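Descriptive analysis of the structure
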Amino acid sequence: MVAETVSWRLENSVHKMADLSGAGLAEVPSMDALIEAAHARQVHVNGFDKEGHAVVIYTPTVDSACPIEHSVMFLVYNLERALALGAAGAGPGGQRVRQYSFIVDLSATGTMPPLKTVKASFAVMGRHYPMRVSNIMLVNGGSMIQWIWRVLEPLVDPRTREKVKIVSEQDEARILGALIDRDQLERRFEGGLNAYNFDPDTYLDTGKTSPSAAPTRTSSSLSSSPAAAGPRSQAAPFSLLEAATANPQANPRQETTLLGTEVSRS
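Figured I'd write up the structure that's included with this text.

Definitions and limits used
- Residues numbered from 1 in each chain as written.
- Predicted model: local features only at pLDDT ≥ 70, side-chain atom pairs only at ≥ 80, totals over all residues.
- Heavy atoms only, no water.
- Helix = DSSP H or I, 4+ residues; strand = E, 2+ residues; numbered from the N terminus.
- Buried < 20%, exposed > 50% of the residue type's maximum accessible area, 1.4 Å probe, protein only.
- Contact = heavy atoms within 4.5 Å.
- Pairing = 2+ DSSP bridges.
- Right-handed = clockwise from strand over helix to strand, strands pointing away.
- Expected span 1.5 Å × (residues − 1).
- Salt bridge = Lys/Arg side-chain N within 4 Å of Asp/Glu carboxyl O.
- Phe/Tyr/Trp six-rings, centres within 6.5 Å; stacked < 30°, edge-to-face > 60°.
- Lys NZ or Arg CZ within 6 Å of the ring centre and 35° of its normal.

1. Thoughts on the overall build of the chain
Helices and strands together make up the secondary structure of the chain, namely 9 helices and 7 strands. Looking at the 266 residues of the chain, the share that counts as buried comes to 53%. A fraction of 75% describes how many contacts in the chain between residues 6 or more apart in sequence connect residues 24 or more apart.

Written out as structure tokens, the structure reads:
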């Protein structure tokens, strides 16, 4: 599993996605796919929890929002971004951490959840990012939330399942507020004060053609983003779905780092 993850990261230039200066992102194959997925507005990083973990907010809509491989590729970019921010101590308290927080906002799924996309996303998280998540919170799922979790549960490492919280509407402010300060929590969530507005162009700096400084971050949001320097490369095959369709059960003592894989000390 370790060798497979290292090979997967190198093959897909995953190790370059976490370069907060933006230089590495410009060299990632299939940059056009990242841009397309960003415009689907299904996932981004914004804010930090109380322990300094960057918060990844995943808002699945429909499977047809963009090709599933592109959606999963953009999710991987955001996981790398969140892990890099945590490792750099970019949160308000300056803690250096090695995990991320994950909120799944199901408010935009309608009556037909995008199960193919969500399953592929959770499979990649489970296979290549075992034990890198501090919390997974499922919110705004209504009556479908228990059914959706039954579909996703087999894809989640047994020890990670203990970190999953199914958040009811009446408990949203209490549960999310216990983990994330109000100024770090987006306003879409009960009790949140963060007025961040996701802009896919500025998030990836798709309008820029030359390098720029690393983004300036405030204690209330992550509205800036790494710069994507240089010309965009032509989209190339991205093999993330191969990992999604493989056996998702990863060794719980393995955890990937930004540059490779190591054995968890926990």
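2. Let's talk about the pairing of strand S4 (residues 133-139)
Across the 7 residues of S4, 7 count as buried, placing the element largely inside the fold. Bridge count between strand S3 (residues 100-105) and S4: 6 bridges; the pairing is parallel. By the bridge assignment, serine 101 is partnered in S4 with asparagine 135. Note on the crossover from S3 through helix H4 (residues 115-128) to S4: the handedness is right-handed. Sheet topology places S4 next to strand S5 (residues 164-166); 3 bridges connect them, and they run parallel. When the bridges of S5 are listed, methionine 137 appears paired with lysine 165.

3. Structural notes on unusual backbone geometry
Unlike most non-glycine residues, methionine 131 shows phi in positive territory, near 65°. Located in the positive-phi region is asparagine 140, a residue other than glycine, with phi close to 60°. Locating asparagine 140 in the fold gives a position in the loop between S4 and helix H5 (145-152). Overall, asparagine 140 belongs to the partly exposed group, its relative accessible area being 30%.

4. Some details on H4
The terminal C-alpha atoms of H4 lie 20 Å apart, and with 14 residues this matches the ideal 20 Å at 1.5 Å per residue to within 8%. The buried fraction of H4 amounts to 11 of the 14 residues, a majority that puts the element mostly inside the structure.

5. What to know about the pattern of salt bridges
Two side chains with opposite charge may pair up if their charged atoms get near one another. Tallying each qualifying case throughout the model produces 6 salt bridges. Aspartate 105 is paired through a salt bridge with arginine 188; the nearest N and O atoms lie 2.9 Å apart. Here aspartate 105 is found in strand S3, whereas its partner arginine 188 is found in the loop between helix H7 (172-179) and helix H8 (200-204), with 83 residues between them in sequence. We classify arginine 188 as partly exposed; its relative accessible area is 36%. Ionic contacts of the salt-bridge type, sharing partners, join the residues Asp105, Glu186 and Arg188 into one network.

6. Quick word on the pairing of S3
Most of S3 is tucked away, with 6 of its 6 residues classed as buried. Side-chain alternation along S3 places Tyr100, Phe102 and Val104 on one buried face and Ser101, Ile103 and Asp105 on a second face that is also buried. A crossover links strand S2 (residues 54-58) with its parallel partner S3, the connecting element being helix H3 (residues 68-87), and its sense is right-handed.

7. Brief notes about the packing of aromatic side chains
The tally for this structure, following the rule as stated, stands at 8 aromatic pairs. A centroid spacing of 5.9 Å and a plane angle of 40° characterise the contact between tyrosine 58 and phenylalanine 102, whose relative ring orientation is tilted. Highlighted residues: tyrosine 58 in strand S2 and phenylalanine 102 in strand S3, separated in sequence by 44 residues. Assigned by exposure class, tyrosine 58 and phenylalanine 102 land together as buried. Arranged with centres 6.1 Å apart and planes meeting at 80°, the rings of phenylalanine 102 and phenylalanine 122 form a pair that is edge-to-face. Taken as a pair, phenylalanine 102 in strand S3 and phenylalanine 122 in helix H4 lie far apart in primary sequence, 20 residues in all. Side by side, phenylalanine 102 and phenylalanine 122 carry an identical accessibility label, which is buried. Pairwise contacts between aromatic rings join Tyr58, Tyr100, Phe102 and Phe122 into one cluster. A cation over a ring is seen here: arginine 81 above tyrosine 203, with NZ or CZ 3.9 Å from the ring centre.

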